[in-house]
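# Fold and contact review
Each chain, letter by letter, is given below.
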Amino acid sequence: MEFWIVQTLNAISFAMLLFLLCAGLSVIFGLMNILNLSHGSSYLLGAYIGLTVINATHNFFIGLLAAMVVSGFIGLLLQRFLLQRIYGRRLLQVLLTMGCMFIIGDGAILIWGADPTALPKPGFLNASLHFGNIVFPSYRLFVICIGILVGLGLWFLQERTKWGAILRASVDDEQMARGVGINVPLVFTLVFLVGISLTGVSGVLGGPFVGAYPGVDIEVLLLAVVVIIVGGLGSMKGAFFGSLIVAFLDNFGKALFPELAMFTIFAPMAIVLALKPTGLWGKI
Amino acid sequence: MIKKNGQGWVTLSILSIASTVVFLADGFIPLKIHAAPAVKIGYAISMSGVFTSYGEDLRDGLNLYMDKIGHKVAGRNIEIIVEDIGSNQVNRALDVGRKLIQKNNIDILAGVIDSGSAYALANLVEKHKIPFVISNAGADDLTQRKSNPYIMRVSFTNSGGSHPLGVWAFEKGYRKAVVMGSDYAAGYEHVGGICQTFKKMGGKIIQEIWPPLGNQDFAPYLANVNRDADVVMVFFAASDALRFVKQYEEYGLKKKIPLIGKGYYLDDNILPKQAEAADGLISESHWCFLLDTPENNEFNTAFIKKYGRRPTNIGEQGYITGMVIAKALEKTKGEIKSEEFVKVMRSLEFKAPRGMIKFDKYGEVIQTYYIRKVEKVKGEWQSVPFKSYPEVSQFWTWTPEEYMKMTPYMEMKGKWVE
Amino acid sequence: MNQKFWIIIFICTSALAFVLVPLVLPEYYIGLVTRALILAILAMSINLLLGHLGLASVGHGVFFGIASYTVAILTLRIGITPWCAMGIAILSAVIAAGLFGFLATRTKDIFFLAIMLAFCQVFYGISVSWKAVTGGYDGIPGLLRPRIIPGLNLEHTIPFYIFVLLVFMIATGGFWILTNSPFGLTLKGIRDSETRMKVLGYNVWLYKYLAFIISGLIGGISGILHAYYDGCPNPADFGIVRSSTALFMVILGGPGILAGPVVGSIIIVFLQDLISNITDRWLMFLGGVYVVVVLLFPEGVLGGIKKKLDLSIGMKREAGLPISHLNGN
């Protein structure tokens, strides 16, 4: 019994991490039709910057903030100076963002070295909680809470506020939105900023249990691709539920069928692609 | 259509000119480290990917030794050409190997961290008859069933240090073990050695768990651990090790079942980050920072002075790579005649920072293995050695012939549980 | 008439260049050119889909890897003659393309990208897990080059180079014939407008599917040569770096252009060699090259030069990259 409870909680915490990671990618792609392969690099940067700031200030939350700001800023530069120029040209986007991924990944080695590191947890979340026979790290519960809060917040923002309406209008019909006076390029830029910042945040949040090391950018990118394929593009719901599906399959797959560890993620992706290529909740 | 292809050929010629320029530039760009060319050592190490930090350690260790002898031996200067072979990039390793041998005309090939690249390069050096000093890659068969006359290894076999660890575990009183390791050949060998001696002495393996290499979340595997065990014996390295140890504690297992393993799971460069989660854990290794011998103290001091950080066992392996080559050169008075040179290297016997070492006829090192415990020493987390097994060969107490008749550990995955 | 003149001149020049290679270059560089030719064939398989159909694939490593492993497994684990092994390896790549093609050709754009990535990852997983057959992370070392040409020992650099060059020329010739055949023209029509082709009565899906299979075949050929060149198929063959580099070679050279892949390949191979002499952080440099090429040479080097030469208006469309909002429905 404990096994199932612990595994379920684990899966949910991993799912929340994936969600934060992918929410950005999904909306950016859905809204702006930009395929950003350097998405994993934002995660990596967020984690390393968080690490540096946390080590300097001994405060997890300042590190979180710093990661959010810096990765958002870099995302901004990427969008305004590079991606803007090749708008709509998919192939070039792939190459450009892949190039950025290599640059950032290798650059990180230059700056932070190549040793694998893990971020320290905030002091008050260091302990594990005990419920009877179950032992579960409190930090992961924290991640679950953050994920749900952010998810609700984003959903609320998108469905219930004016900003959300503007966003949805821009996705549904860009021409009309412009016609009505909405500054669409500004909306795009803001969305990009928010999306990338979220990813940077996920880098810090994931830091204590995933860690930061050369290669984490590609691993994270692959996970994100799977989630958005399964969940569908352009929709927050897709990112959220897609993350849950992938995390559960991965977690229980590993626990019950350890031999198939490599396939537990890609099999569902292939199935979804075969049956519903736009993803389960896709808007495209 | 025809028009288009015509233009293709036009522009191709323009491009071939450009390519020629690139090629010529390539030939004229000087190679990285230069001294008056004499003994050329090609150092093929990982400077990108997951093993980057090991690559840096190997490079720094070798350079430290070179500094000590003034980059010169038996009247010849020593030139080291460092090249990045990536991590687990067999094709890149081969490309680099060919480059070092054919373009740079190296006399000796050294380095290599991952076993896949080592196997591939072992074939290459045999083809070109170049002495090959393996500074890290521990795949058992490189100096056993698949050895060749050009191979020399100054590090360890994956299972070499496992044999004494299995013995120690039994002597400590453990009888029912769960074993865990990363799901790849090296994992099978590291863990296999422990199982072999543990079972031989009468212990039982009750479960084998093999998370994939690079696994992030050990929770599902930890939850599966059979709680009847009195010990968990492991092999993990690099970032896997960092996560594993932390999660072992987070999920409450540390309080329930003792954990022991091959030294990599508590590697010196991740130990400070594991901190309390590693407190009291037991591991095995062929070198310890705290070994109090004149050679080790000299090595440690020099390393810290030059690089501003503590050495690791990998750094020491880089250092020994230089030591072995230099001492052999002294003996041959600077001459390098492929197989002959390797025989000379294999005949060496000396005191390294890790202790007394010598080599067997397959080129593998015979050395002491230490059992250590993690403690806080002067405010720093250290692995403190408390027991040693000297003069351990890769075959443990078997003869080479007997040993190589047994099933290789690589194929024993899943077969340790009765 | 003008064209024919140029064509002959440049066929001769390039043929001469390739023939001179073993006579003029030192052994190491002959090896580099060999490697460039092998990768050029892989890039050619991508070129078929990208330049002539508008589909970008970051996953062609999968056919490369399947063929490469098959040759090694058949030769080393089972012990079949080289010609049989090579034949079966090509067949395996074709079968794989046939199977994947069902899924892949139904998708476009990012989904196509993702599914090719997925295939690569699945095979990566297989190559790493099925250790008894594939050797796991270490791969299958020890594959010797085949003794298929009497009197010629392929283990030596120059004979192997000649072998690879012959295969490359045959592949290029075949590619040229294919792209200038009615089949090839239909593909271009599909790239320009699927709707139009459908309206004209073409079975668009079938053409895409066939093209995909042919692309898999060419990729397989490259994989076989690679298996013999290094003698050690390993999981990295399925990796994203291999596939993306091959894709980049096509783009660098210029998609849709016959000579594009080989040009891109030679530049990248020699550039990599040059860079690693200077710095350890060559990935960063490579990334920089990608960025620079995208910003300055979006049509590829050859394409860019072509544009400047500006010999025909219609060429722009053909050498250019597909614009996503114009592409497909």
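Procedures and definitions
Residues numbered from 1 in each chain as written. Chains lettered and ligands numbered in written order. Predicted model: local features only at pLDDT ≥ 70, side-chain atom pairs only at ≥ 80, totals over all residues. Heavy atoms only, no water. Helix = DSSP H or I, 4+ residues; strand = E, 2+ residues; numbered from the N terminus. Rg over C-alpha atoms; globule rule 2.2 N^0.38 Å. Buried < 20%, exposed > 50% of the residue type's maximum accessible area, 1.4 Å probe, protein only. Lys, Arg positive; Asp, Glu negative; His and termini not counted. Charge placed at Lys NZ, Arg CZ, Asp CG, Glu CD. Contact = heavy atoms within 4.5 Å. Areas by Shrake-Rupley, 256 points an atom, 1.4 Å probe, with all protein chains shown as cover. Core = buried A, V, L, I, M, F, W, Y, C linked by side-chain atoms within 4.5 Å. pLDDT = per-residue confidence, 0-100. Buried area = accessible area lost by both parts, 1.4 Å probe. Salt bridge = Lys/Arg side-chain N within 4 Å of Asp/Glu carboxyl O. Polar contact = N/O pair within 3.5 Å; in protein donor to acceptor, adjacent residues only side chain to side chain. Nonpolar A, V, L, I, M, F, W, Y, C, P; charged D, E, K, R; others polar. Phe/Tyr/Trp six-rings, centres within 6.5 Å; stacked < 30°, edge-to-face > 60°. Pairing = 2+ DSSP bridges. Axes fitted to C-alpha atoms, helices over the stretch in contact; angles between N-to-C directions. Patch = residues over 30% accessible without salt bridge, like charges linked within 9 Å, V, L, I, M, F, W, Y side chains within 5 Å. Parallel < 35°, antiparallel > 145°, perpendicular 65-115°, else oblique. Arc of directions from axis to C-beta. Expected span 1.5 Å × (residues − 1). Left-handed = near helix turned anticlockwise from the far one by under 90°.

Looking now at the overall build of chain B. In terms of regular secondary structure, chain B is built from 13 helices and 15 strands. In terms of C-alpha radius of gyration, chain B reaches 23 Å, essentially the compact-globule figure of 22 Å for 418 residues. If you line up chain B on its principal axes, its C-alpha atoms span 75 × 65 × 50 Å. For chain B, buried positions account for 66% of its 418 residues. Where the 53 positive side-chain charges of chain B centre and where its 47 negative ones centre are 2 Å apart.

Across its full length, chain C holds 15 helices and zero strands. Long-range pairs, those at least 24 residues apart, make up 76% of the contacts in chain C between residues at least 6 apart in sequence. Total accessible area computed for chain C in this model is approximately 12100 Å², and 73% of it derives from carbon and sulfur atoms.

Attention now goes to the nonpolar core. Met-98, Leu-205 and Met-269 of chain A together with Leu-37 and Phe-212 of chain C are the most contacted members of the largest nonpolar core, which has 200 residues in total. The dominant element in this core, judged by the number of residues it contributes, is helix H2 (residues 27-53) of chain C, at 19 residues. When residues no more than four places from it in sequence are discounted, the contact partners of Phe-212 of chain C are Leu-49, Phe-63, Ala-97, Phe-100, Gly-101, Ala-104, Thr-105, Phe-112 and Met-116 of chain C. Of all hydrophobic cores here, the second largest spans 85 residues; its members include Met-47, Val-167, Val-365 and Trp-396 of chain B.

Our focus in this paragraph is the confidence of the model for chain B. Put simply, chain B has an average pLDDT of 88, and 91% of its residues get 70 or more. Confidence drops under pLDDT 50 across residues 1-6 of chain B; counting only partners more than four residues distant or on other chains, this segment forms 17 contacts.

Attention shifts here to the interface of chain A and chain C. By a widely used convention, the size of an interface equals the accessible area lost when the partners come together. With 38 residues of chain A at the interface, the matching set in chain C holds 42 residues. Contact between chain A and chain C buries roughly 3800 Å² in total, counting both sides, with carbon and sulfur atoms accounting for 81%. Its largest share of buried area at the contact with chain C, chain A owes to Leu-91, Leu-95 and Phe-102 of chain A, together 17% of the area lost on that side. Our enumeration of links across chain A and chain C arrives at zero salt bridges. On the surface where chain A and chain C come into contact, there are one residue pair in polar contact (both at pLDDT 80 or more). Listing elements by their share of the side of chain A that touches chain C, those giving two or more residues are helix H4 (90-112), helix H9 (216-231) and helix H11 (266-275) of chain A. Residue contributions to the side of chain A that touches chain C peak at 15 residues, all from H4 of chain A. Taken together, the residues that form the side of chain A that touches chain C break down as 29 nonpolar, five polar and four charged.

On to the packing of aromatic side chains. Residues and elements named next belong to chain C. Tallying each qualifying case throughout the model produces 50 aromatic pairs over all chains. Measuring from ring centre to ring centre gives 5.7 Å for Phe-63 and Phe-212, while their planes differ by 80°; the resulting arrangement is edge-to-face. Of this pair, Phe-63 sits in helix H3 (residues 61-78) while Phe-212 sits in helix H10 (residues 204-230), and the two are 149 residues apart along the sequence. Since its relative accessible area comes to 0%, Phe-63 is described here as buried. Relative to Phe-238, the ring of Phe-123 lies with its centre 5.8 Å away and its plane at 35°, an arrangement referred to as tilted.

Another point: the sheet that holds strand E6 (residues 151-153) of chain B. Sheets are built from strands paired through backbone hydrogen bonds, the pairs being either parallel or antiparallel. Residue and element names in this part refer to chain B. Reading across the sheet, the six strands line up as E2-E3-E1-E4-E5-E6 and stay open at both edges, with mixed pairing between neighbours. Edge positions in the sheet fall to strand E2 (72-73) and E6, since each has one partner strand and no second. As paired elements, strand E5 (residues 132-134) and E6 share three bridges and run parallel to each other. Looking at E6, one finds that Val-133 is bridged to Met-152. This element, helix H11 (residues 313-332), spans strand E1 (39-45), E2, strand E3 (76-84), strand E4 (108-111), E5 and E6 of the sheet and lies at about 155° to E1.

Turning to the confidence of the model for chain C, a few remarks are in order. Residue and element names in this part refer to chain C. Summary statistics for chain C give a mean pLDDT of 82 and a share of 89% for residues scoring 70 or more. Averaged pLDDT values over the elements of chain C bottom out at 51 in helix H15 (residues 313-319) and peak at 92 in H10. For residues 312-316, every residue scores under 50 in pLDDT, and the model assigns this stretch five contacts once sequence neighbours within four places are set aside. We note a pTM of 0.82 for the whole complex and an ipTM of 0.78 for its interfaces.

Let us now look at the pattern of salt bridges. Applying the stated criterion across every chain yields a total of 27 salt bridges over all chains. For the salt bridge of Lys-121 of chain A with Glu-250 of chain B, the shortest nitrogen-to-oxygen distance reads 2.8 Å. Within this pair, whereas Lys-121 of chain A is found in the loop between H4 and strand E1 (128-131), its partner Glu-250 of chain B is found in helix H8 (residues 238-250), the two belonging to separate chains. What makes Glu-250 of chain B buried here is its relative accessible area of 6%. With its nearest N and O atoms 3.0 Å apart, the salt bridge here joins Asp-183 of chain B to Lys-413 of chain B. In this pair, Asp-183 of chain B sits in the loop between strand E7 (176-181) and helix H6 (185-200) while Lys-413 of chain B sits in the segment after helix H13 (400-405), placing the two residues 230 residues apart along the sequence. Judged by relative accessible area, which is 10%, Asp-183 of chain B ranks as buried.

It is worth spelling out a negative patch on the surface at this point. Taken together, the side chains of Glu-249, Glu-276, Asp-279 and Glu-375 of chain B define an acidic patch exposed on the protein surface. Locating Asp-279 of chain B in the fold gives a position in the loop between helix H9 (271-274) and strand E11 (282-285).

Residues and elements named next belong to chain C. Taken together, the side chains of Leu-16, Val-19, Leu-20, Leu-23 and Val-24 present a nonpolar region at the surface, about 510 Å² in accessible area. Tracing the chain through its elements places Val-24 in helix H1 (residues 2-24). Of the residues examined, Val-24 reaches a relative accessible area of 61% and is grouped as exposed.

All names here are of chain C. For the pair H2 and helix H8 (residues 182-192), the least separation of the axes is 8 Å and the interaxial angle reads 55°. Comparing their axes, H8 and H2 come out oblique. Contact residues: H2 offers Leu-48, Leu-50, Gly-51, His-52 and Leu-53, while H8 offers Leu-187, Lys-188, Ile-190 and Arg-191. In terms of residue class, the contact of H2 with H8 is made up of five nonpolar, two polar and two charged.

Attention now moves to the pairing of E3 of chain B. Residue and element names in this part refer to chain B. Burial runs high along E3: seven of the nine residues are buried. Here E1 pairs with E3 via seven bridges, running parallel. Directly across from Gly-42, in E3, lies its bridge partner Ile-81. Relative to E3, E2 is paired through two bridges, and the arrangement is antiparallel. When the bridges of E3 are listed, Val-73 appears paired with Arg-76. Remark: two residues form the turn of the hairpin made by E2 and E3, two consecutive strands paired antiparallel; Ala-74 in that turn has positive phi of roughly 50°.

Here the focus is H11 of chain A. Residues and elements named next belong to chain A. When H11 is considered as a whole, its buried residues turn out to be Phe-266, Pro-268, Met-269, Val-272 and Leu-273. Buried residues along H11 cover an arc of 160° about the axis, so they all sit on one side. What points out from H11, more than 90 degrees from its buried face, is the exposed set Ile-271 and Leu-275.

The periodicity of an α-helix, 3.6 residues per turn, causes residues three or four positions apart to be oriented the same way. Taking 1.5 Å of rise per residue, 19 residues should cover 27 Å, and helix H12 (residues 260-278) of chain C covers 27 Å from first to last C-alpha, within 8% of that figure. Summarising burial for H12 of chain C: 18 of the 19 residues are buried, a large majority.

This part covers the packing of helix H5 (residues 138-160) of chain A against helix H8 (residues 184-210) of chain A. Residue and element names in this part refer to chain A. Closest axis-to-axis distance for the H5/H8 pair is 10 Å, and the angle between their directions is 165°. By the angle class used here, H5 and H8 are roughly antiparallel. The interaxial crossing formed by H5 with H8 has left-handed handedness. When H5 is examined against H8, the residues Tyr-139, Arg-140, Phe-142, Val-143, Ile-146, Val-150 and Leu-154 are found in contact with a partner set consisting of Leu-198, Val-204, Leu-205, Pro-208 and Phe-209. Here the residues of the contact of H5 with H8 are counted per class, giving eleven nonpolar, no polar and one charged.

Attention shifts here to the pairing of E1 of chain A. Residues and elements named next belong to chain A. Where E1 lies against strand E2 (residues 134-137), four bridges are found, and the strand directions are antiparallel. Opposite His-130, over in E2, you have Val-135 as the bridge partner. Hairpin connection, E1 to E2: the antiparallel pair is bridged by two residues, and Gly-132 has positive phi, about 65°.

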